[in-house]
Amino acid sequence: MKELWDIYKKGIILENPIFVLALSLCPALAVTSTALNALTMGLTVLFVITANNVAVSLIRNFVNPKVRVPVYIVSIATIVTVVQLLLQAYFPLLYKALGIYLALVVVFAIILARAEVFASKNNVIRSFFDGLGMGSGFALAMVLIGTIREILGAGSFFGIKVMPASYDAPLMLILPAGAFILIGYLVGGCKMLVQYIEKSKA
Amino acid sequence: MSAGHHDEKNNSIFKIATNLAAACLVSGIIIAGVYFITADAAAQKAVDLKNAAMKALVQDAEKFNPVEGKEGWFTAQKGGKTIAYVVPSESKGFGGSIKMLVAVTGDGKVLSYDITAHNETPGLGDKANQEPFKGQFKGKKAENLKVVKDPSDKENIQAMTGATISSRAVANGVKKAVEEVVEFTGGK
């Protein structure tokens with residue numbers, strides 16, 4: 001149990017996909033203009049990465065190492081397509097809201113990275129927790145970026161106005177350039193946190 | 001890799017190709033299976049969604065009938081009479097084409113519109129489908145569908161801050177729809 005918890009929690013801070021591994025920065029810039037978009041995307045990735053880790057772990061002994069990357073991509077694409085078909089049939093509104101982002105999940109670096117680095121070398125249960133942890137870390141980071149950008153850039157939080165009407169929102173934060181600068185600061189902050197954690201452990 | 005040592009035989013191009021082909025085959029079977037199960041439900045939901053979208057545009061309507069000879073056009077019926085037309089329109093925005101459904105009365109006044117597909121900047125241009133920008137269109141005729149940046153001009157459409165191109169594109173798309181309806185009905 002302790003071991004699984006360790007696998008899970010490393011994705012949240014110590015190996016956070018966005019702030020520490022610096023993978024999948026593109027969606028972190030593009031999809032975080034509002035907290036809701038960021039949360040939806042985060043949860044989608046959480047599901048896909050967990051499902052893909054399990055699938056890759058299950059097939060890891062049958063895959064020829066020379067074609068492992070194409071096979072992992074096929075696996076990710078299959079999961080995303082199935083999710084897309086299911087959403088289209090049973091939750092059309094959510095499908096509409098996710099729009100083009102859903103198809104983009106296929107090429108997220110973090111998902112392929114976890115398949116290659118972790119799931120292809122570990123058993124199903126460990127891979128499941130790794131995906132869950134990495135997905136949670138990704139979702140948390142996305143929501144954090146989205147929240148800051150929405151509150152400062154648009155004066156609202158999940159679409160509800162939180163800033164007084166006189167607040168003149170800086171447009172910059174809604175644009176990708178603002179997100180890039182913000183992520184820079186957050187990466188710096190996370191680095192300090194990681195150093196602090198490691199120092200207090202030592 | 002867990003499957004550690006592979007001899008020469010296992011790495012032949014044929015083996016590798018078979019492996020990848022098998023993965024694709026399994027993937028294809030899974031997707032085909034899911035599609036087979038969900039296709040009917042998805043088609044049904046798409047029709048429901050479209051009806052709901054049109055209902056939101058023309059709230060008084062009791063039912064919608066397709067217009068013959070006009071692809072994608074619908075008339076909104078109430079008590080056996082046509083109260084409005086729902087027509088698709090398209091225009092070029094900041095990030096590619098913006099597709100919308102526009103509800104127009106027979107005499108060429110805008111009721112409302114709904115953007116069905118777009119690639120505008122999140123947080124700026126995509127506000128075109130929300131209030132207060134959207135509300136400005138209600139009751140406007142084709143000649144007043146011009147985007148201005150002067151806040152005192154109440155006759156025309158006020159551009160959204162930071163998204164003038166998107167504002168203009170939406171106004172043009174709506175205008176095109178209005179003009180088509182007027183041409184179709186003769187302005188009655």
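Everything below is about the structure shown above.
Everything numeric here is computed off the predicted structure, so don't read it as measured data.

## A look at the pairing of strand S4 (residues 96-104) of chain B
All names here are of chain B.
- Taken together, the nine bridges between strand S3 (residues 81-93) and S4 define a ladder with antiparallel strand orientation. Bridging across to S4, Glu90 finds its partner in Lys99.
- As consecutive antiparallel partners, S3 and S4 are separated by two residues.
- Summarising the sheet, S4 and strand S5 (residues 110-117) pair through six bridges and their orientation is antiparallel. Considered in S5, the bridge of Met100 is made with Ile115.

## Some thoughts on the nonpolar core
- Core analysis: the largest hydrophobic core is formed by 35 residues, its most contacted members being Ile18, Phe108, Ile111, Met142 and Ile145 of chain A.
- The set of elements that each furnish at least two residues to this core consists of helix H2 (25-30), helix H3 (35-59), helix H4 (68-90), helix H5 (92-104), helix H6 (109-119), helix H7 (124-154) and helix H8 (176-201) of chain A.
- Among the elements that take part in this core, H8 of chain A stands out by supplying six residues, more than any other.
- Here Ile111 of chain A is in contact with Val45, Val48, Ile49, Asn52, Ile76 and Val105 of chain A, once residues within four sequence places are set aside.
- Grouped together as the second largest cluster of nonpolar side chains are 29 residues, Ala128, Phe133, Ala163 and Val181 of chain B included.

## Here's the deal with the interface of chain B and chain A
- Facing the 30 residues of chain B at the interface are 33 residues of chain A.
- Taken together, the connections running from chain B to chain A amount to zero salt bridges.
- Our enumeration of links across chain B and chain A arrives at two residue pairs in polar contact (both at pLDDT 80 or more).
- Residue assignment for the side of chain B that touches chain A shows that the elements contributing at least two residues are helix H1 (13-57) and S5 of chain B.
- Considering every element that reaches the side of chain B that touches chain A, the biggest residue donor is H1 of chain B, with 16 residues.
- Of the residues belonging to the side of chain B that touches chain A, the class tally is 16 nonpolar, twelve polar and two charged.

## A word on the packing of aromatic side chains
- Taken as a whole and assessed by the stated rule, the structure comprises four aromatic pairs over all chains.
- Look at Trp5 of chain A and Tyr8 of chain A: their rings are 5.7 Å apart centre to centre, the planes differ by 25°, and that puts the pair in the stacked class. One end of the pair is Trp5 of chain A and the other is Tyr8 of chain A, both in helix H1 (residues 2-10) and three residues apart, which spans about a single turn.
- A relative accessible area of 48% means that Trp5 of chain A is categorised as partly exposed.
- Note on Phe108 of chain A and Phe138 of chain A: the rings are 6.2 Å apart at their centroids and 50° apart in plane angle, and the pair reads as tilted. Taken together, the positions of Phe108 of chain A in the loop between H5 and H6 and Phe138 of chain A in helix H7 put the pair 30 residues apart, joining distant regions of the chain. The pair Phe108 of chain A / Phe138 of chain A is uniform in exposure class, with both members buried.
- One cation-aromatic arrangement involves Lys134 of chain B over Tyr113 of chain B; the distance from NZ or CZ to the ring centre is 5.5 Å.

## Thoughts on the pattern of salt bridges
All names here are of chain A.
- Taken as a whole and assessed by the stated rule, the structure comprises six salt bridges over all chains.
- The partner of Asp6 in a salt bridge is Lys9, with the nearest N and O atoms 3.6 Å apart. Remark: Lys9 and Asp6 occur in helix H1; sequence separation between them is three residues, near one turn of the helix.
- When its relative accessible area of 29% is taken as the criterion, Asp6 is described as partly exposed.
- As a salt-bridge pair, Asp130 and Lys10 come within 2.7 Å of each other at their nearest N and O atoms. Taken as a pair, Asp130 in helix H7 and Lys10 in helix H1 lie far apart in primary sequence, 120 residues in all. Across the pair, exposure class does not vary: Asp130 and Lys10 are buried alike.
- If you follow the salt bridges from partner to partner, you end up with Lys2, Asp6 and Lys9 in one network.

Reading the values: rules and limits
- Residues numbered from 1 in each chain as written.
- Chains lettered and ligands numbered in written order.
- Predicted model: local features only at pLDDT ≥ 70, side-chain atom pairs only at ≥ 80, totals over all residues.
- Heavy atoms only, no water.
- Pairing = 2+ DSSP bridges.
- Helix = DSSP H or I, 4+ residues; strand = E, 2+ residues; numbered from the N terminus.
- Core = buried A, V, L, I, M, F, W, Y, C linked by side-chain atoms within 4.5 Å.
- Buried < 20%, exposed > 50% of the residue type's maximum accessible area, 1.4 Å probe, protein only.
- Contact = heavy atoms within 4.5 Å.
- Salt bridge = Lys/Arg side-chain N within 4 Å of Asp/Glu carboxyl O.
- Polar contact = N/O pair within 3.5 Å; in protein donor to acceptor, adjacent residues only side chain to side chain.
- Nonpolar A, V, L, I, M, F, W, Y, C, P; charged D, E, K, R; others polar.
- Phe/Tyr/Trp six-rings, centres within 6.5 Å; stacked < 30°, edge-to-face > 60°.
- Lys NZ or Arg CZ within 6 Å of the ring centre and 35° of its normal.

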